[in-house]
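Observations on the model geometry
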Amino acid sequence: MAHPSIVILTGAGISAESGLGTFRDEGGLWAQHRIEDVATPEGFARDPQLVMDFYNTRRAQAVEATENAAHRALARLQADFDGDVLLVTQNVDSLHEKAGSTDVVHMHGALNSALCGACDHRWPAPLQMQVGDACPACGAPSARPDIVWFGEMPYHMDRIEAALSQADIFAAIGTSGNVYPAAGFVQLATYAGAKTVEMNLDPSMTVNLFEETRPGKASQTVPEWVESILNG
Ligand code: OAD
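Described in the following lines is the structure provided in the data block. These numbers come from a predicted model, not from an experiment.

Concerning helix H6 (residues 69-80)
With 12 residues, H6 extends 16 Å from end C-alpha to end C-alpha; this agrees with the ideal 16 Å at 1.5 Å per step. Along H6, the residues classified as buried are Ala70, His71, Ala73, Leu74, Ala75 and Leu77. Against strand S1 (5-10), helix H1 (13-16), strand S2 (84-89), helix H7 (95-98), strand S7 (169-173) and helix H10 (218-231) lie the buried residues of H6. Structurally, the start of H6 carries an N-cap: the backbone nitrogen of Ala70 is 2.8 Å from a side-chain oxygen of Asn68.

This is the structure in structure tokens:
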């Protein structure tokens, strides 16, 4: 195949073995917090301190976390594959970057970034953001976490959809398939004629749409899959 193209989607499951909690597994983040309180624009308008505290806590945990073998294997694939590899993550941690990936598409935003609610300027988030922090560009006291909340449009969709429309291989890793548009990527890739593979601990909501499944922990399944791609 001349210049093949791989698109990879990762979710919270790939960071679970790095100690960061997932959302929907037993005892996950959405069992402890109400989505509408901490992950919607309306929740932020109602109680900005609660939302800042939630993401400040998650940012502190993410800073301490270390990448695992799955993140490292994907960085190796990006570096060594003779073709294109687009790494798209729903995760807001930086573990792909810590593992050495240089081009990571954060479709749900990133904990290490702050966003101005008034002018959309972005800047590196301090470890602890405060309600009313001033935007360094326009001065408005409108800083918010640069996280895509429910009801908001995920980032970089044009780039992702363009890559999916040309994909030869699509892999989804550690994601439950509950949240769209990411959960629909497997269908877009299938229409494009891509081979599709799911690597997840439990079958996702969309498992039946995948051609191949590699069940298990990401730290084991992902290095094995990468090895099969690079040496296959
Ligand atoms: P979920 O918590 O919904 O799903 C995590 C998936 O990872 C589950 O299907 C688990 O079976 C799997 N899993 C757990 N441990 C694993 C391991 N060691 N190896 C492999 N798989 C494992 O997380 P996401 O699908 O990422 O959005 O959630 C999608 C979006 O929903 C998140 O980006 C977030 C959330 O609400 C926003 O906040 C906008």
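Examining the sheet that holds strand S4 (residues 109-116)
What the 3 strands build is an open sheet, ordered S5-S4-S6; its pairing is antiparallel. Unpaired on one side and paired on the other, strand S5 (122-124) and strand S6 (143-147) mark the two borders of the sheet. Strand-to-strand twist of the sheet, defined as the mean angle between neighbouring strand axes without regard to direction, takes the value 45°. Sheet analysis places S4 next to S5, joined by 3 bridges and oriented antiparallel. Across the sheet, residue Ala114 finds its bridge partner in S5, namely Trp123. Helix-sheet contacts for helix H5 (residues 48-64) involve S4 and S6, and the interaxial angle to S6 is about 55°.

A few points about the pairing of S4
Regular strands place their side chains on alternate faces of the sheet. Among the 8 residues of S4, 7 are classified as buried, and the element is accordingly described as predominantly covered. The hairpin formed by S4 and S5 contains 5 residues between the paired strands, and Asp120 there has a positive phi angle of roughly 70°.

What to know about the side chain of Glu67
Position of Glu67 among the secondary structure elements: in the loop between H5 and H6. Under the relative-accessibility criterion, Glu67 is labelled buried at 19%. Once you skip the residues sitting within four places of it in the chain, Glu67 turns out to touch Ser18, Arg72, Leu95, Lys98 and Ala99.

A word on the site of the ligand
Phe23, Arg24, His108, Thr175 and Ser176 are the nearest of the 24 residues found near the ligand. With respect to the ligand, the side chain of Trp30 contributes an N or O atom lying 2.9 Å from an oxygen atom. Here a nitrogen atom of the ligand and a backbone polar atom of Leu201 are 3.2 Å apart. In the complex, 95% of the free accessible area of the ligand, which totals 800 Å², lies under the protein chains. Tallied by class, residues from the shell around the ligand come to 9 nonpolar, 10 polar and 5 charged.

Things to note about the sheet that holds strand S8 (residues 195-199)
In space, the 6 strands of this open sheet follow the order S3-S2-S1-S7-S8-S9, with parallel pairing throughout. At either end of the open sheet lies a strand with only one pairing partner, and these are strand S3 (104-106) and strand S9 (212-213). As paired strands, S8 and S9 are joined by 2 bridges and run parallel to one another. When the sheet's bridge partners are listed, Glu198 is paired in S9 with Thr213.

Some details on H10
Because an α-helix packs 3.6 residues into every turn, residues spaced three or four apart end up facing the same way. With 14 residues, H10 should cover 20 Å at 1.5 Å per step; its first-to-last C-alpha distance of 19 Å lies within 8% of that length. For H10, the set of buried residues is Ala218, Thr221, Val222, Trp225, Val226 and Ile229. Projected down its long axis, H10 carries its buried residues within an arc of 130°, all on one side. Among the exposed residues of H10, those oriented more than 90 degrees off its buried face are Gln220 and Asn231. In this structure, the buried side of H10 is in contact with S1, H1, H6, S7 and S8.

About the criteria used
- Note that residues are indexed from 1 along each chain, following the sequence as it is written.
- This being a predicted model, a pLDDT of at least 70 is required before a residue's local features are given, and a value of 80 or more before pairs of side-chain atoms are given or counted; all residues contribute to the totals for chains, interfaces and linings.
- Hydrogens are left out, water is left out, and the side-chain values use all remaining heavy atoms of the structure.
- Put simply, DSSP marks the helices as runs of H or I at least four residues long and the strands as runs of E at least two long, and each gets a number from the N terminus on.
- Expected span of a helix, by definition, is 1.5 Å for each gap between consecutive residues, and there is one gap fewer than residues.
- Only protein chains enter the accessibility calculation, which uses a 1.4 Å probe. A residue is then buried if its area is under 20% of the maximum for its type, exposed if over 50%, and partly exposed in between.
- What makes two residues a contact is simply this: any of their non-hydrogen atoms within 4.5 Å.
- Identification of polar contacts relies on pairs of N or O atoms within 3.5 Å, with a donor-acceptor requirement for protein atoms, meaning one able to donate a hydrogen and the other able to accept it, and with residues adjacent in sequence counted only if both atoms are side-chain atoms.
- When DSSP finds two or more bridges between a pair of strands, those strands are recorded as paired.
- Inter-axis angles, ranging from 0 to 180 degrees, are taken between N-to-C directions of lines fitted to C-alpha atoms, where helices are fitted over the stretch in contact.
- When at least one non-hydrogen atom of a residue lies within 4 Å of a molecule or strand, that residue is treated as near it.
- Accessible areas in this description were obtained via Shrake-Rupley with a 1.4 Å probe; residue shielding takes into account the shown protein chains only.
- Classification used: nonpolar for Ala, Val, Leu, Ile, Met, Phe, Trp, Tyr, Cys and Pro, charged for Asp, Glu, Lys and Arg, polar for all others including Gly.
- What the arc covers is the set of directions going from the helix axis to the C-beta atoms.

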